[in-house]
Protein chains: 2
Amino acid sequence: MATKAEKTNNIEGHHPEKCRVLGQVLDRIGDKWTIMAVGTLSGGPMRFNEIMRRIGGVSHRMLTLTLRGLERDGLVRRTAYPTIPPKVEYELTQLGRSLTEPLAILLAWGEMHSDEIETARKAFENNKT
Amino acid sequence: MATKAEKTNNIEGHHPEKCRVLGQVLDRIGDKWTIMAVGTLSGGPMRFNEIMRRIGGVSHRMLTLTLRGLERDGLVRRTAYPTIPPKVEYELTQLGRSLTEPLAILLAWGEMHSDEIETARKAFENNKT
């Protein structure tokens, strides 16, 4: 932890600044459709309808927005082939693929502890009433 | 990746289900104030005002909501000491401490790639205009 003096004088590289970077990353990638799109595309290049089918439960509009956000951040590449009918494929860039590892670790944490969180939630709700 | 048949017949343990678990975890912990609160509390037990000061830029109300959410999910323990004036401390539970490692890995990814994402964003915006 940074001391108060350090925090005031130079937050670069210190805890609050790191948290801020992480916050920005999570603002970008930390919603479930983004995660699910990255996870789905880790299987290889795919067309829109296949991504939608594999994710399940995502609206056309939400998936469009999600893929556009990923494209904008350089995590997904969109390729339009000039065929008839036109064919559009989405695939992870190298940057996108590099994100699958940290996400897998977070997923493992979630799988390991989701029951524990569920139990804590129920206990908390019961305590309130 | 699960094949289509596997996905239809039994999603348990397959990709879409894993993504869903991860989505739920991220719905819980994937906002920046939660991350910053967990990061700050990794320094040890703290009172409300100290957490607020260390995070910086968080409103009283937002931090109250954030800490309550963390308490509900079993990641933070709130202890009220019957002193005069009353003293209330927050600290990470074992579950909360176990989250600091995956978050550190995601943070490292963010620090390593935030410039790349920023560059991609600018290129994308410039392409549009």
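This text follows the structure it describes.
Below you will find a few notes about this structure. Note that the structure is a prediction, hence the values are computed from the model and not measured.

Cut-off values and rules
Residues numbered from 1 in each chain as written. Chains lettered and ligands numbered in written order. Predicted model: local features only at pLDDT ≥ 70, side-chain atom pairs only at ≥ 80, totals over all residues. Heavy atoms only, no water. Pairing = 2+ DSSP bridges. Helix = DSSP H or I, 4+ residues; strand = E, 2+ residues; numbered from the N terminus. Contact = heavy atoms within 4.5 Å. Axes fitted to C-alpha atoms, helices over the stretch in contact; angles between N-to-C directions. Parallel < 35°, antiparallel > 145°, perpendicular 65-115°, else oblique. Left-handed = near helix turned anticlockwise from the far one by under 90°. Nonpolar A, V, L, I, M, F, W, Y, C, P; charged D, E, K, R; others polar.

### Considering the pairing of strand S2 (residues 76-81) of chain B
Every other side chain in a regular strand lies on the same face of the sheet, so the side chains alternate between the two faces.
Residues and elements named next belong to chain B.
Stage number 1. Relative to strand S3 (residues 87-92), S2 is paired through 6 bridges, and the arrangement is antiparallel. Paired with Val 76 across the strands is Leu 92, a residue of S3.
Stage number 2. Hairpin connection, S2 to S3: the antiparallel pair is bridged by 5 residues.

### Thoughts on the environment of Arg 47 of chain B
Stage number 1. Mapped onto the secondary structure, Arg 47 of chain B falls in strand S1 (residues 46-47).
Stage number 2. Along the chain, Arg 47 of chain B and Ala 123 of chain B lie 76 residues apart, while their C-alpha atoms are 44 Å from each other.

### A short note on the sheet that holds strand S2 (residues 76-81) of chain A
Residues and elements named next belong to chain A.
Stage number 1. The 3 strands lie next to each other as S1-S3-S2, forming an open sheet whose pairing is antiparallel. What marks the edges here is a single partner per strand, and that holds for strand S1 (46-47) and S2.
Stage number 2. Those strands touched by helix H3 (residues 32-41) are S1, S2 and strand S3 (87-92), and its axis lies near 95 degrees from that of S3.

### Looking at the packing of H3 of chain A against helix H4 (residues 48-55) of chain A
A pair of packed helices is captured by two measures, namely the crossing angle of their axes and the spacing between those axes.
Residue and element names in this part refer to chain A.
Stage number 1. Between H3 and H4, the least distance of the axes is 10 Å, while the angle of their chain directions is 115 degrees. Taken together, the axes of H3 and H4 lie roughly perpendicular to each other. Between H3 and H4 the crossing geometry is right-handed. Along the contact surface, H3 presents Trp 33, Met 36, Ala 37, Thr 40 and Leu 41, while H4 presents Ile 51, Arg 54 and Ile 55.
Stage number 2. Tallied by class, residues from the contact of H3 with H4 come to 6 nonpolar, 1 polar and 1 charged.

None of the figures reported here should be taken as evidence of function without further support.
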